[in-house]
Every structure is written in C-alpha cells, then in structure tokens.
Amino acid sequence: MSTIYNFNPGPAILPKEVLLEIKNNFLNWNHSKSSIIEISHRSSKFIEFTLQAEKNLRYILNIPENYYILFCHGGARGQFSAIPLNLTKKFIKPDYINSGYWSLCAAKEAKKYCNPNIINVRKFTQDNKVYIQSIQNWKVSYKNTYLHYCPNETIEGIEIFEEPFLKNKIIIGDFSSTILSRQINIDKYGMIYACAQKNIGPAGITLVIIRNDLLGSVSYQTPSILDYQLLAQSNSMLNTPSVFSWYVAGLVFKWIKELGGLDFIEKNNKKKARILYKYLHSTGFYKNYIVPINQSRMNITFHLQKKELTDLFVKMAEKNRLYGLKGHSLVGGIRASIYNAMPIKGIKHLINFMKFFEKKFG
Ligand code: PMP
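Note that the structure is predicted; figures quoted are calculated from it, not measured.

A.B. asks: Teacher, can you tell me more about the site of the ligand here?
C.D. replies: Near the ligand, the surroundings consist of 13 residues, among which Arg77, Thr154, Asp174, Gln197 and Lys198 are the closest. One nitrogen or oxygen atom from the side chain of Asp174 is found 2.6 Å from a nitrogen atom belonging to the ligand. For the ligand, an oxygen atom lies 3.0 Å from a polar atom in the side chain of Gln197. Bound to the protein, the ligand loses 84% of the 400 Å² it would expose on its own. Looking at the shell around the ligand, the element that brings in the most residues is helix H3 (residues 75–87), giving four residues. Tallied by class, residues from the shell around the ligand come to five nonpolar, five polar and three charged.

As structure tokens, then:
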C-alpha cells in the first residue's frame, strides 16, 4: 500500500509510530490478555497508564502543580457549555472574543447561560486581508471576569500567537487545533481546553487544564458530568471514560516527549509552515487571505484564483496521494491541516503537486 498524506482537519493524521504500537499491542494490551477497549477503566493497569500519561503531559506542557488536568466528554463543544455553567455564578458577564467561526460558536452557546460581552477583533486590511487586532487593543470590559478566546481558528486558518495578559481577566483558551503544536505559558491562563482529534488522538476525549481556584463555584443546575470539581475529585472517572481515546492520547504524549518535547515539535512546525507559506506567497495562482502574523501554523488555507478549478484540484490531489484538502464549506477553497504528525515530506509533496497543477491550468 503506497503512503498517502492526510491533511484532514480532524479527525486527523496521527503518528505512524503510535498507530503501529496500537496495532501491535491491540489483542493483548499490556499483557492483560484483552484489548484496550475491553479492559476496565478502574483496573490497576489502566490507572497506572493514565497516571503516566498525565505525568508526561505535565512535563511536555510544563503544567504547574496548581492546575488540574481533566479528561472530559462532549468534545470542545461540550466545553462551550461547561465553561459558563462552571464559572458564571462567580463571573457574571464574561468577555467573549470573536475571531472567527469557533470563537463565535462558543459565545453563542454561552448566551444560553449568561449575557456575554462579545468583542469582534477580526479586521481587514485595505487589500482585504484578515488580521486580528493586537491584544492590547481588544475592547474588553472593565469587569473582573473571565475572557474566552480561540488562539487558532481551524476553519479560516487564523492564529493568534500573542499570549494574552489583561488586567482583571481570567483567560480561557480554546486550544483545540493548536495544543501541543508550540510552547505556551500555562500560568497565563485560568483554563485551556482542546478536543483530541487534531494533535492529541482520536475524538472522544477532551482535555481541560484548569487552575484549582476556579473549581467549586459551579451553578446548582450544572450536570454532574460537566462539573469540573466533580471531575477533578473523581480523576476524570465520574463515569466511564473513552478508554481507547485516553490510551492513544497517552501514547501521543509519550511520542512527543521522546521526540524532544515541544521545543522540537515547534521548530518542526515552524519549518513546515514556512515552506508552504513561502511557496504560496511566490505564486499568484493560489492566494491566502490572512496577514502573515496571523497565518495559522496548523491549518493553512488558500483559494485558487480560478475558483472553478477548486474541485478538480481536490480530485487530482487525491490521485496524487494528498487527502483531506477540501476547505470547510463555510469558506470554500483549500485547507491543508498540517498537524504535528505531518512529515516535511508531505508538505514538499503537496507543493510539487501545486506547482504541477499551476503549470497545467495556470
Ligand atoms: N473549537 C475548535 C477550534 C475546533 O477546531 C473544533 C473542531 N474542529 C471545535 C471547537 C469543536 O470540537 P468538537 O467537534 O470536539 O466539539
């Protein structure tokens, strides 16, 4: 079977080494004589595995002791509800930054539980490129409350690299599509969260990293399964977790650690994105509409000048072993999601195909 390069936005490419480890140990996981999906989440072998996974994650993200690591249900969307349900008893009118589709989705969901102050930070340059206002210019309220934002808008391919520091604000970040792609300073945030199906593992588990003082002021009606305090007390096992997703996430954390941690990963990701954007900037046939400082390192979006060729591009790309390149239906065009597991070889193969396509149809 010849290699394909998987540019899907999520579920997305996972490291080959991890997939092979799953395959090789599947029927007799950790000498248990059963597969990982048949084993009790309360068995000592699994608990031991989760403790090691947490230790590795704490190490690679440099998570301070006063932060809990929770593995939740319900995807990142579940957190759009869980956040206000856990926090708005204390922080009445939160700020929600709108930088694109997912951050606005979070704000809209929050509206069911509170009256968020929604702040648009997405602007356009004179030549119609998208940029994000610098954080110091965000028109946030004076209230002592939490502020929600999304550092990487997966659909549009917009990334905010600046780390927020705002007086009176507890920063909450939806890191779904940028977690583990670069170093971050966890202590700048009250909470960060991420769905798994990009840089962590399979869908079915959602990572929450939350400072301990934010627990315990939950609204009475909050479903127990969304209550951070209960999840922390039960070590994320208030009910049966997705054992398989947790297991794969643990293998991915180990993979990152053994590669050299986020230093190595970040360097590699910078290099991959640089090569692809450099090529994009050199041609008039394809166009990216984001200013360089907000160009996503994980989700690289572009349009063909001849829009009518987009479907053909996607079709021919697949014939050339390049999968998952169709842009999100809301924005159209092409999106190359180049998460941690995408090798440089994949980027080069994509660029060669793009050159070939331009030569043929340009
Ligand atoms: N936030 C962001 C930034 C995302 O990219 C996604 C999924 N693509 C979500 C939230 C929603 O995640 P889920 O499907 O796990 O609810």
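A.B. asks: Which parts of the structure should I look at to understand the domain arrangement of the protein chain?
C.D. replies: Reports often express the size of an interface as the amount of accessible area lost when the parts come together. For the protein chain, the assigned domains are domain 1 (32–259) and domain 2 (260–361). Domain 1 and domain 2 are separated by 27 Å when their C-alpha centres are compared. Tallying the contact residues gives 31 residues for domain 1 and 27 residues for domain 2. Summing the contributions of domain 1 and of domain 2, the shared interface buries around 2500 Å²; its carbon and sulfur component is 56%. By the criterion of area lost to domain 2, the three top residues of domain 1 are Lys129, Ile155 and Leu259, representing 21% of everything that side buries. Between domain 1 and domain 2 we count zero salt bridges in total. Applying the counting rule to domain 1 against domain 2 returns 19 residue pairs in polar contact (both at pLDDT 80 or more).

A.B. asks: Hey, could you run me through the UniProt feature "binding site: pyridoxal 5'-phosphate" (unreviewed entry) in the protein chain in this one?
C.D. replies: Those places that UniProt annotates as "binding site: pyridoxal 5'-phosphate" (unreviewed entry) correspond, in this numbering, to Ala76, Arg77, Trp102, Thr154, Asp174, Gln197, Asn239 and Thr240. Over a stretch of 165 residues, the named residues are scattered through the fold, their C-alpha atoms separated by up to 30.0 Å. Within the secondary structure layout, Thr154 lies in the loop between strand E8 (152–153) and strand E9 (158–159). Judged by its relative accessible area of 6%, Thr154 falls in the buried class. When near neighbours in sequence (up to four residues on either side) are disregarded, Asn239 contacts His41, His73 and Ile225. In terms of polar contacts, Asn239 uses its side chain to reach the side chain of His73, at 3.0 Å.

A.B. asks: What am I meant to see in the sheet that holds strand E16 (residues 334–337) here?
C.D. replies: Strand pairing in a sheet takes place through backbone hydrogen bonds and is either antiparallel or parallel in direction. If you walk across this open sheet you meet the three strands as E13-E14-E16, and the pairing is antiparallel. The strands lining the two open edges of the sheet, one partner per strand, are strand E13 (286–287) and E16. The sheet contact formed by E13 and strand E14 (residues 299–304) spans two bridges and is antiparallel. From the neighbouring strand, Tyr286 faces E14, where its bridge partner is Leu304.

A.B. asks: How should I be thinking about the UniProt feature "modified residue: N6-(pyridoxal phosphate)lysine" (unreviewed entry) in the protein chain in this particular structure?
C.D. replies: In the numbering used here, UniProt assigns the "modified residue: N6-(pyridoxal phosphate)lysine" (unreviewed entry) feature to Lys198. Mapped onto the elements, Lys198 comes out in the loop between strand E11 (191–195) and strand E12 (206–211). Looking at Lys198, the relative accessible area reads 9%, which means it is buried.

Conventions adopted
Residues numbered from 1 in each chain as written. Predicted model: local features only at pLDDT ≥ 70, side-chain atom pairs only at ≥ 80, totals over all residues. Heavy atoms only, no water. Near = heavy atom within 4 Å. Polar contact = N/O pair within 3.5 Å; in protein donor to acceptor, adjacent residues only side chain to side chain. Areas by Shrake-Rupley, 256 points an atom, 1.4 Å probe, with all protein chains shown as cover. Helix = DSSP H or I, 4+ residues; strand = E, 2+ residues; numbered from the N terminus. Nonpolar A, V, L, I, M, F, W, Y, C, P; charged D, E, K, R; others polar. Domains from an automatic or database assignment. Contact = heavy atoms within 4.5 Å. Buried area = accessible area lost by both parts, 1.4 Å probe. Salt bridge = Lys/Arg side-chain N within 4 Å of Asp/Glu carboxyl O. UniProt positions renumbered as here; feature names shortened; annotations may be inferred. Buried < 20%, exposed > 50% of the residue type's maximum accessible area, 1.4 Å probe, protein only. Pairing = 2+ DSSP bridges.

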